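# Results of the structural survey
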Amino acid sequence: MRILIIGVDEPGHVARFLYEGGKRSGHDVAIINTTRANNGNFLARKMLWKFTHRPISIKSFSSEVASEAESFNPDLIVTTGQAPILDRDLRLLRDMSLVLINYSTDDPWNPAHRADWFLKGISTYHVIFTTRKANISEFKNAGCSHVRWLPFGYDPSSHYYENNSSEEWESDLAFVGGADHDRVPVIAELIKDGLGMSLWGGYWGRYKETRSVSRGFADTATLRKVISNTRCALTLVRRANRDGHAMRTYEVAAIGAPMLVEDTAEHREIFCTDQNLVRYFSTEREMLEGARWFIENTNLGNEMSVAVRNHILTGGNTYADRLQTMIDAVKVLHEN
């Protein structure tokens, strides 16, 4: 199948994972990098996004997408996140009899990045797959009749256990993710308790409560080393995004680590409540107790790590699998 993917074509991003998964599955895949929509004057770009959440070069990029799609003539177009394509060009693509799918990886109704130009084009997509169940009814109310939940996944060439023990990467508790305002006091409590914590992600160094354990950003190679060498991997969701799980949910499990997981309905569905694969927490006290338990019960934690890894690796959770789910949806559309 000829598939055109439109998203951030950089390591660690969903669009790149789908692209690589498609190639490994034998499809003819092309990708258009949405960062091109941000080409322009730095200050003007920042100001426009701040006040309108509109990429500075969205008009030219959107037109180029239509032109490149016509040239490539794909069977399927998959856009990821809030792909910067205007509704007029989405309609043009649909008029070419191209099947349009959006893989919604962020909450489009989150005020932090809500964009009217994206919401206006929702009804043009044939199918929208969303990583959060909280958005399903909203997408339907916005005019898309075919909306399905499709969680994140993992990439086998990126997310695997790395047996490379080193004091540089070892920790009692590791977290990889951004310093959201609601996360800072939670992480601060763990630090106060004296846990040997490894903290990776943007902006942790800005806060005096977390600065001492902030290690900077983690690319995919660093993520593997950090998760492979921790006694406990903390998995949080973004509450402002109304997340039920996160990219790290699958990535950490696929790499293999004892997992301390925020208790959500989606996490319980993914990890099967009746199986002893992860430890859940709902309160700060439960989180602290869970972290201590993993540190004091290393052998049991390692057994859980192996079990959760096998569960994810044998469950059809690669991004190639996610892409196949989209392809199957296209086949159903054609049959109907």
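Scroll up for the structure.
These lines cover the structure that appears in this document, whether it is placed above or below. (Residues numbered from 1 in each chain as written. Predicted model: local features only at pLDDT ≥ 70, side-chain atom pairs only at ≥ 80, totals over all residues. Heavy atoms only, no water.)

Here the focus is the layout of surface pockets. Considered as a void within the structure, the second largest pocket measures approximately 350 Å³ in volume. In terms of lining, the second largest pocket is formed by 20 residues, of which the most central are Tyr161, Ser228, Asn229, Thr230 and Asn302. Per-element tally for the lining of the second largest pocket: the top contributor is helix α12 (residues 298–313), with five residues. (1 Å grid on protein atoms, 1.4 Å probe; cavity = no way out; pocket = protein on both sides within 12 Å on 5 of 7 lines; lining within 4 Å. Points joined across faces, edges and corners; volume = space filled by probe spheres on them. Helix = DSSP H or I, 4+ residues; strand = E, 2+ residues; numbered from the N terminus.)

For the structure on display, the rule yields six aromatic pairs. Ring geometry for Phe17 versus Tyr319: centroids 5.3 Å apart, planes at 15°, classification stacked. You can see Phe17 sitting in helix α1 (residues 14–24) and its partner Tyr319 sitting in helix α13 (residues 319–335), a full 302 residues away along the chain. Under the relative-accessibility criterion, Tyr319 is labelled buried at 1%. On the numbers, 5.2 Å between centres and 80° between planes, the contact of Trp293 with Phe294 is edge-to-face. Here the guanidinium or amino end of Arg2 rests over the ring plane of Phe72, the centre of that ring lying 4.2 Å away. Of note, Arg322 hangs over the ring of Tyr250, and the distance from its end group to the ring centre comes to 5.3 Å. (Phe/Tyr/Trp six-rings, centres within 6.5 Å; stacked < 30°, edge-to-face > 60°. Buried < 20%, exposed > 50% of the residue type's maximum accessible area, 1.4 Å probe, protein only. Lys NZ or Arg CZ within 6 Å of the ring centre and 35° of its normal.)

In this section: the nonpolar core. If you look at the biggest cluster of nonpolar residues, it comprises 48 residues, and the most contacted ones within it are Ile5, Leu18, Val78, Ile227, Phe271 and Met326. If one sorts the elements of this core by residue count, α13 sits on top with six residues. Discounting chain neighbours no more than four positions away, the residues touching Phe271 are Thr249, Ala253, Met259, Val261, Leu277, Val278, Tyr280, Val308, His311 and Ile312. (Core = buried A, V, L, I, M, F, W, Y, C linked by side-chain atoms within 4.5 Å. Contact = heavy atoms within 4.5 Å.)

What follows concerns the sheet that holds strand β1 (residues 2–7). As summarised here, the arrangement of the six strands in space is β2-β1-β3-β4-β5-β6, forming an open sheet in which the pairing is parallel. Of all strands in the sheet, those with a lone pairing partner are β2 (28–33) and β6 (147–149), marking the two edges. Across the sheet, the axes of successive neighbouring strands diverge by a mean angle of 20°, strand direction being ignored. Bridge count between β1 and strand β3 (residues 76–80): four bridges; the pairing is parallel. Within β3, the position partnered with Ile6 by the bridge is Thr79. Across the sheet, helix α3 (residues 58–72) touches β1, β2 and β3, and the angle it forms with β2 is around 165°. (Pairing = 2+ DSSP bridges. Axes fitted to C-alpha atoms, helices over the stretch in contact; angles between N-to-C directions.)

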